[in-house]
Amino acid sequence: MRLDVVSIFPEYLAPLDLSLIGKARRDGLLDLRVHDLRDFAHDRHRSVDDTPYGGGAGMVMKPQPWAEALAHVAGSGGEGAPEGALEGGAEGARPRLIVPGPGGVPFTQALARELAVEPWLAFACGRYEGIDERVYEYAAQDLGLEVSVVSLGDYVLNGGEVAVLAMVEAVARLLPGVIGNAESLVEESHEDGLLEYPVYTKPSSWESAPGVTRDVPSVLMSGDHARIAAWRHQQRLERTATRRPDLLHASQAAPGAPVEGALAAFDVAVASPADAPELLTLGRACWVTEGRANGSFDIPPLVESLQDVVDGLSQWQTWTVRSAGRLVGSVRGRRDPQDPSTWQVGRLMVAPDLQGRGLGRALLAHVEAAAPSDTTTCWINTGRGSERNLRTYRKAGYRAVPGEGAYPGTVDLTKKRRRASVDQG
Ligand code: ADE
C-alpha cells in the first residue's frame, strides 16, 4: 500500500519508522512518503496561512500551496509505486484523499477496514482553523480524488498529524503480513461490536504489595476451553454494557443475527440494566397466560424480583424489541453453563397486543443466529400446558426431550443447529 502524508511538520510522522509499521516499511509492505507543505509555498516566508474572510479568530490554510502539494502527490502515481499499487495503470492511478478534522465522519474499525483495501491513500494534515474550502473542491473536481474528512473523535487536536499517526497504524496493521499473528486481529475490541475481554499473564498469583495477592480468575486456569470461551464472552458483554452501552445495538453485538423479517420494523437492541423494570413488567404480562395454561402461577417470570431481572442480564445475552420506545418483546440466550455446546434460549416474550404476527418466531430466529459457532444444539423450556408455545417451537424445528423438563411441569425442547448457521457463526 502506498501512503502519502502532507504536513507542515513532517518530523511529526517520525514514529511511523518504529515498531511494526516501521518494519512493514522496511519489508516493502508500506510505501510511506511524507511531504512538507512549505515546499509548495513560493513566497519568501514560505507562508501557508492567512486571515479568514468574514473575520474570526485564527488563521486559515491558503489554497495555493495545498493545491500544488496535492497535484504533486496525485500526479506521482507513475514513479516508484509498488507492484499492484496502481490499479488501472500509472496514468489513471489516484490516491483516496483523507483530510483529518474534528468535523469529519468518525474513524472506526469499519472505516479502517475499508481504507485497508485501498491501494493508495493520501493524508492532508490541516492546522490552524483548517484548510480553505476550495481545496476540497479542487481535489475532487480537478484532481479527481475521492475526498473524505475523517475525525478521530469528538475533541479538537491542534492539527491532523496525530490523527494520521492513529489512522495509519489502524489501517496498516490490517494489511496482510504486517501483524505476525493474524488471529490476534480477530479477537479485538470493535471487530465484532463488543469490547475485548480482560487478559492476564504469569504469575497466577501476584503480590502487588506485601501481604496482598491478586489472583488470575480460576476459570482461566481450568484448561476447560468451552468454559473459558463462555467466561470471556460474558466479560465482553459486561464490559461493553458498562463502558460502551452505545455499542450494544443488536446489529453490532450479534453480527450473526441480522434484524430481519417481522423484526425489521422494530428497534432491536441488546438489553442493559436500564431495561430491567420494563422487562419485569412485560414478563409479568406475558406469563400470566402461561400460569393459567399450566395451572400454576409459581413460575419465575411471575415471581422474580427486579434484582433477579438485573442479575439475569449479566448471565444472559438479552435482546429488547421496542416500538416507538415501548418495550414490546424480548428474548435471551446463553451458553449452557453445564454443557457449553448448548445454546440456551429463554424468556421469549411478545406483548399480548402484538402476538400472532410472527414476532415471536422472528425473535427466536434472532437469538438462534446469535449462538456461538461452536454450539451444536439450541435448547428451550416451556410449560407442558403451553400449547401455543409448543406449536411455535415445533414449527421452528424443536423437538421435545422425553421426560420432565428442567423445572417441574415443564418440557425441554432441543434443536440441532444447522450446518450453515454453524459456519456463519
Ligand atoms: N484535527 C483536529 N482535531 C481532530 C480530530 N478530532 N480528528 C482528526 N483530526 C483532527
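Residues numbered from 1 in each chain as written. Predicted model: local features only at pLDDT ≥ 70, side-chain atom pairs only at ≥ 80, totals over all residues. Heavy atoms only, no water.

1. Considerations on empty space enclosed by the protein
Inspection of the entire model under this criterion finds two cavities of 30 Å³ or more. Volume-wise, the largest cavity comes out at about 140 Å³. Leu279, Val309, Arg332, Arg347 and Met349 are the residues nearest the centre of the largest cavity, which is lined by 14 residues in total. If you list the elements that add at least two residues to the lining of the largest cavity, you get helix 9 (276-294), helix 11 (306-315), strand 12 (326-335) and strand 13 (342-350). The class makeup of the residues in the lining of the largest cavity is seven nonpolar, four polar and three charged. Considering only enclosed or pocket space, the second largest cavity measures out at about 30 Å³ in volume. Every residue along the wall of the second largest cavity is listed here: Leu70, Leu97, Val99, Ala124, Ile131, Val135 and Tyr136. For the lining of the second largest cavity, the elements supplying multiple residues, two or more each, are strand 5 (96-106) and helix 5 (134-142). When its residues are assigned to classes, the lining of the second largest cavity shows seven nonpolar, no polar and no charged. (1 Å grid on protein atoms, 1.4 Å probe; cavity = no way out; pocket = protein on both sides within 12 Å on 5 of 7 lines; lining within 4 Å. Points joined across faces, edges and corners; volume = space filled by probe spheres on them. Helix = DSSP H or I, 4+ residues; strand = E, 2+ residues; numbered from the N terminus. Nonpolar A, V, L, I, M, F, W, Y, C, P; charged D, E, K, R; others polar.)

2. Points about the environment of Ile131
Counting through the fold element by element, Ile131 comes out in the loop between strand 6 (120-124) and helix 5. According to the relative accessible area criterion, Ile131 is buried, its value standing at 10%. For the pair formed by Ile131 and Arg384, sequence separation is 253 residues and the distance between their alpha carbons is 70 Å. Dropping the residues within four chain positions of it, Ile131 is found in contact with Val60, Met61, Trp66, Val99, Gly126 and Tyr136. (Buried < 20%, exposed > 50% of the residue type's maximum accessible area, 1.4 Å probe, protein only. Contact = heavy atoms within 4.5 Å.)

3. Remarks on the pairing of strand 8 (residues 205-209)
Taken together, the four bridges between strand 8 and strand 9 (residues 212-215) define a ladder with antiparallel strand orientation. Considered in strand 9, the bridge of Glu207 is made with Thr213. From the end of strand 8 to the start of strand 9, which pair antiparallel, there are two residues, and Gly211 there has a positive phi angle of about 85 degrees. (Pairing = 2+ DSSP bridges.)

4. Considerations on the side chain of Arg335
Topologically, Arg335 is positioned in strand 12. On the basis of relative accessibility, which here comes to 13%, the residue Arg335 falls in the buried class. A distance of 2.8 Å separates a polar side-chain atom of Arg335 from the backbone oxygen of Pro340. There is a polar contact of 3.1 Å between the side chain of Arg335 and the side chain of Asp374. Discounting residues that sit within four places of it in the chain, Arg335 has contacts with Ala226, Ala229, Ala230, Pro340, Thr342, Trp343, Pro372, Asp374 and Thr375. (Polar contact = N/O pair within 3.5 Å; in protein donor to acceptor, adjacent residues only side chain to side chain.)

5. Things to note about the UniProt feature "binding site: S-adenosyl-L-methionine" (unreviewed entry) in the chain
In the numbering used here, UniProt assigns the "binding site: S-adenosyl-L-methionine" (unreviewed entry) feature to Gly126, Leu152, Gly153, Asp154, Tyr155, Val156 and Leu157. The residue Val156 is located in the loop between strand 7 (147-151) and helix 6 (161-172) in this model. Take Val156: its relative accessible area is 70%, and that puts it in the exposed class. With respect to the helices and strands, Leu157 occurs in the loop between strand 7 and helix 6. In this structure Leu157 comes out as partly exposed when scored by relative accessible area, which is 34%. Apart from the residues within four sequence positions on either side, Leu157 is in contact with Leu152, Val162 and Ala163. (UniProt positions renumbered as here; feature names shortened; annotations may be inferred.)

6. Description of the domain arrangement of the chain
Domains assigned within the chain are domain 1 (2-185) and domain 2 (261-416). Using C-alpha coordinates to define each centre, domain 1 is positioned 50 Å away from domain 2. (Domains from an automatic or database assignment.)

7. Details of the pattern of salt bridges
Tallied over the full model, the rule gives 18 salt bridges. For the salt bridge of Glu278 with Arg322, the shortest nitrogen-to-oxygen distance reads 2.8 Å. With Glu278 in helix 9 and Arg322 in strand 11 (residues 317-323), this pair connects stretches of sequence that are 44 residues apart. According to the relative accessible area criterion, Glu278 is partly exposed, its value standing at 32%. Taken together, the salt bridges that share partners define one network made up of Arg96, Glu114, Glu118 and Glu146. (Salt bridge = Lys/Arg side-chain N within 4 Å of Asp/Glu carboxyl O.)

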